[in-house]
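Secondary and tertiary structure notes
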Amino acid sequence: MLLLCLLFILLGLVLGYAAYYLKVAEDPIVEKIDALLPQTQCGQCKYPGCKPYAQAIAQGEADINQCPPGGEQTITALANLLGIESKALNTEFGEIKAPAVAFIIEQDCIGCVKCIPPCPVDAILGASKQMHTVISAECTGCELCIAPCPVDCIIMVTQKNKPTHWQWSTAHE
Amino acid sequence: MNKQAPFHGGLTLTAHKHVSPIIESHLPKELIYPLLQRADNYATPCIKQGDHVLKGQVIAQANNSLCTPIHAASSGTIKTIAPHMIAHPSNLEDDCIIISTDGLDESLPYSPCPNYQQETREQLLSKIQQAGISGLGGAVFPTANKLSTPKNIQTLIINGAECEPYISCDESLVLQQAEQIIQGTLILQHLLQAENCLIAIEDNMQQAAEALQKAIRTHPSIQLKKVPSIYPIGGEKQLIQALTGHKIPAQSLPAEQGFICQNIGTTHAIYQAIILGCPLTERIITVTGKGVVQTQNIRSRIGTPIKDLIKQAGGYNNSVKNLIMGGPMMGIALSTDEIAVTKASNCILVTSINEQSNHSPEMPCIRCGDCASVCPAELLPQQLLWYGRSKQLEQCQDHQLFSCIECGCCDLVCPSHIPLVQQFRATKSAITLKNKHAAQAQLAKKRFQNQQKRRDKQEQELLAKAEKRKATIEKMKAASLARKKKP
């Protein structure tokens, strides 16, 4: 009897320890959903970034077809993860576009710095009354910098058809 | 299938080889150099339009060790740096340096180094890199990068097993320059401090064997080995297994197991770079096929447009069908002969309409397993096809898709004429693209998180400041109140 009590106390301690030290900080499904999103942080899903959208999906508030940059691939991946039926993109949230990056027409830029805060990934370089430029390797193509520009000097440039972007296709495609 | 094969699978193919003696190429009017090197790596031009350059002068620098510098193959003026068709399966244009040659063929002075034994390993590697040498077997991996392995190399293998049909550029080089190839081999052996050194040639290269045997008589450290001519015995892993019985595991490099393979042409280029001091500006190219008048092995300047080489092979005959760079098994189809040859071009194959083609209509897979029994990488092509078509990319990777050397054996034996290699290439590029996107997403996520952290911190700092000010004002108010009360 005593032995059994001791064993129970010991196991209780182990469980207590595990609950305290090995606890999962966040809902793991949110992380898993977030990992499948394209991380453009564009807000087209009406949530302020990919993580909030992931949280909304996990809580059942948002549908899986609200991410235009991710397109069909992301929807399929999310459907597979969550074990639900895949569906078409809800075009209320935007259309699927060819991947593009922002480009600042330098002679038109007045150096107002209005485009810098909206950029979610700090990809715009510039200072007040100085010409700005986009670091194209960091740009996610979210288009959030376009609307704030008072002189409309930011345009979206699609990738040039270069051999390094080209892909082998199958006979079936 | 071949029962005697010293490695798994493989095929015995009709050789179609005509080892013609090497002829010198004519100086073309224009030399064209694509800036794109292996995979995604670009060289950076270090000249501008209108500059005059000499033969052997560096015209584009390597940015990293996966890239090699490009040297002008003749003297002339830089006509332009502009998009031009390049030898790439996409058949797209990309930036090229175009030189208008002046016909003088003036060269920079070279600095020969006959006593290579006195140079350090680093000095030799740097010379090889500066000379722009990359694997001339067709993969064009920078040679200095391959040689600078930290692993201890026991066996150096000089690969003369030119297993693809039609190609005879290495064999013709052996016939003409056996002595120089042996010198190059000795340099490599010195550099790697390798105990064993094997030169592998196929058993049907009788004359080449004699020439090499003669040249190695005074060098007991080098052994000449004959291997059966079974395609693709010239593949690194297949050759190592055939010569030593040692199987290199999937996802492992030969260097990790103490082996290094170098192509015969590369070895010759190393001799020229170290002993003579001249950079890689030319290579031997086999111009062959039933669509050209005469098969030729041409010592051509790298950058020569294909049409000039075809002219030297007597031109096209009336039955020309396809233009292929590389051999019939692994080559890429080109859309125009305006494209220039590169360091990777070992062969220009012109097919004829009279030749049999195996482009019969595709039928469903009957799971006969012939593809698996010929696969030299011991993969399951039918399984990979299934996973690839259903876009199960992880399954493809688990089934070692990236071990596929795209040799084309499975395509050739498939009774349903399924273009397996094309599917594997497509799946490989889909996986690469997916990984690229994942890396980009990861980067964007990190930058977004950093920005949020920074903004939170700034906000908190502002709040703290406001609190502090509020506190000071309260204090001052209290003090003034106290003063008022006092009198």
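The structure presented is a predicted model; accordingly, all values stated were derived computationally and were not measured.

**Overview of the overall build of chain A**
Scanning chain A from N- to C-terminus turns up four helices and four strands. Reading the helices (α) and strands (β) of chain A from amino to carboxyl end gives α-α-α-α-β-β-β-β. Expressed as lengths along the three principal axes of its C-alpha atoms, the size of chain A is roughly 85 × 50 × 35 Å. When burial is assessed residue by residue, chain A has 24% of its 173 residues classed as buried.

**Topic: the domain arrangement of chain A**
All names here are of chain A. Split into domains, chain A comes out as domain 1 (28–93) and domain 2 (98–159). Domain 1 and domain 2 are separated by 26 Å when their C-alpha centres are compared. Facing six residues of domain 1, the contacting portion of domain 2 comprises seven residues. Residue composition of the side of domain 1 that touches domain 2, grouped by class: one nonpolar, five polar and no charged.

**A closer look at the packing of helix α2 (residues 28–36) of chain A against helix α4 (residues 71–82) of chain A**
All names here are of chain A. At their nearest, the axes of α2 and α4 sit 9 Å apart, and the two run at 160° to each other. As far as their axial angle goes, α4 and α2 are roughly antiparallel. Considering only the axes of α2 and α4, their crossing is right-handed. Of the residues in α4, those touching α2 at K32, I33 and L36 are T74, A77, L78 and L81. Here the residues of the contact of α2 with α4 are counted per class, giving five nonpolar, one polar and one charged.

**Section: the pairing of strand β17 (residues 347–352) of chain B**
Residue and element names in this part refer to chain B. Burial runs high along β17: five of the six residues are buried. Pairing of strand β13 (residues 282–288) with β17 involves three bridges; the strand directions are parallel. By the bridge assignment for β17, T288 is matched with L349. Where strand β15 (residues 320–325) meets β17, four bridges bridge the pair, whose relative direction is antiparallel. Bridging across to β17, V320 finds its partner in S352.

**What to know about the domain arrangement of chain B**
All names here are of chain B. By the assigned domains, chain B splits into domain 1 (110–312) and domain 2 (363–487). One C-alpha centre belongs to domain 1, the other to domain 2; they are set 39 Å apart. Taken together, the contacts link four residues of domain 1 with five residues of domain 2. Residue composition of the side of domain 1 that touches domain 2, by class: two nonpolar, two polar and no charged.

**Some points on the sheet that holds strand β9 (residues 155–160) of chain B**
Residue and element names in this part refer to chain B. Ordered in space as β11-β10-β9-β12, the four strands form an open sheet in which the pairing is parallel. Where the open sheet ends on each side, the last strands, each with one partner, are β11 (222–227) and β12 (259–263). Adjacent strand axes in the sheet meet at a mean angle of 25°, parallel and antiparallel pairs treated alike. Pairing of β9 with β12, which is carried by five bridges, proceeds in the parallel orientation. Bridging from a neighbouring strand, I157 pairs with C261 of β12.

**A few points about the nonpolar core**
Counting residues in hydrophobic clusters, the biggest one holds 119 residues, and the most contacted among them are I157, A200 and L239 of chain B. Tallying contributions element by element places helix α3 (residues 169–192) of chain B first for this core, with ten residues. In this view, A200 of chain B contacts I157, I158, N159, G160, A161, K225, V227, L239 and L243 of chain B; residues no more than four positions away in its chain are not counted. Of all hydrophobic cores here, the second largest spans 17 residues; its members include I104, I124, C139 and L144 of chain A.

**Some thoughts on helix α6 (residues 264–276) of chain B**
Residues and elements named next belong to chain B. Between the first and last C-alpha of α6 there are 17 Å, a value that for 13 residues agrees with the 18 Å anticipated at 1.5 Å per step. The element α6 is extensively covered by neighbouring structure, given that eleven of its 13 residues are classed as buried. Turning to α6, its buried residues number three or more, namely I264, G265, T266, T267, H268, A269, I270, Y271, Q272, A273 and I274. At its buried positions, α6 is contacted by α1 (121–130), α2 (143–147), β9, α3, β12 and β13.

**Considering the interface of chain A and chain B**
Taken together, the 21 residues of chain A in the interface contact 22 residues of chain B. Of the residues in the side of chain A that touches chain B, the class split is seven nonpolar, eleven polar and three charged.

**Description of the confidence of the model for chain B**
Detailed reading of the predicted model is not advised wherever pLDDT is low. Chain-level statistics for chain B give a pLDDT mean of 92 and a share of 98% at 70 or above. Across the whole predicted complex the pTM is 0.85, and at the interface the ipTM reaches 0.83.

**Quick look at the sheet that holds strand β14 (residues 296–301) of chain B**
All names here are of chain B. The six strands are arranged β1-β14-β13-β17-β15-β16 in an open sheet whose pairing can be described as mixed. Every other strand in the sheet has two partners, leaving β1 (22–24) and β16 (332–334) as the edge strands with one partner each. Between one strand and the next, the sheet's axes are offset by a mean angle of 35°, whatever the strand orientation. Set on the sheet, α3 makes contact with β1, β13, β14 and β17; between it and β13 the angle comes to about 125°.

Calculation criteria
Residues numbered from 1 in each chain as written. Chains lettered and ligands numbered in written order. Predicted model: local features only at pLDDT ≥ 70, side-chain atom pairs only at ≥ 80, totals over all residues. Helix = DSSP H or I, 4+ residues; strand = E, 2+ residues; numbered from the N terminus. Buried ≥ 20, exposed ≤ 12 C-beta atoms within 10 Å, placed from the backbone. Domains from an automatic or database assignment. Contact = placed C-beta atoms within 7 Å. Nonpolar A, V, L, I, M, F, W, Y, C, P; charged D, E, K, R; others polar. Axes fitted to C-alpha atoms, helices over the stretch in contact; angles between N-to-C directions. Parallel < 35°, antiparallel > 145°, perpendicular 65-115°, else oblique. Left-handed = near helix turned anticlockwise from the far one by under 90°. Pairing = 2+ DSSP bridges. Core = buried A, V, L, I, M, F, W, Y, C linked by C-beta atoms within 7 Å. Expected span 1.5 Å × (residues − 1). pLDDT = per-residue confidence, 0-100.

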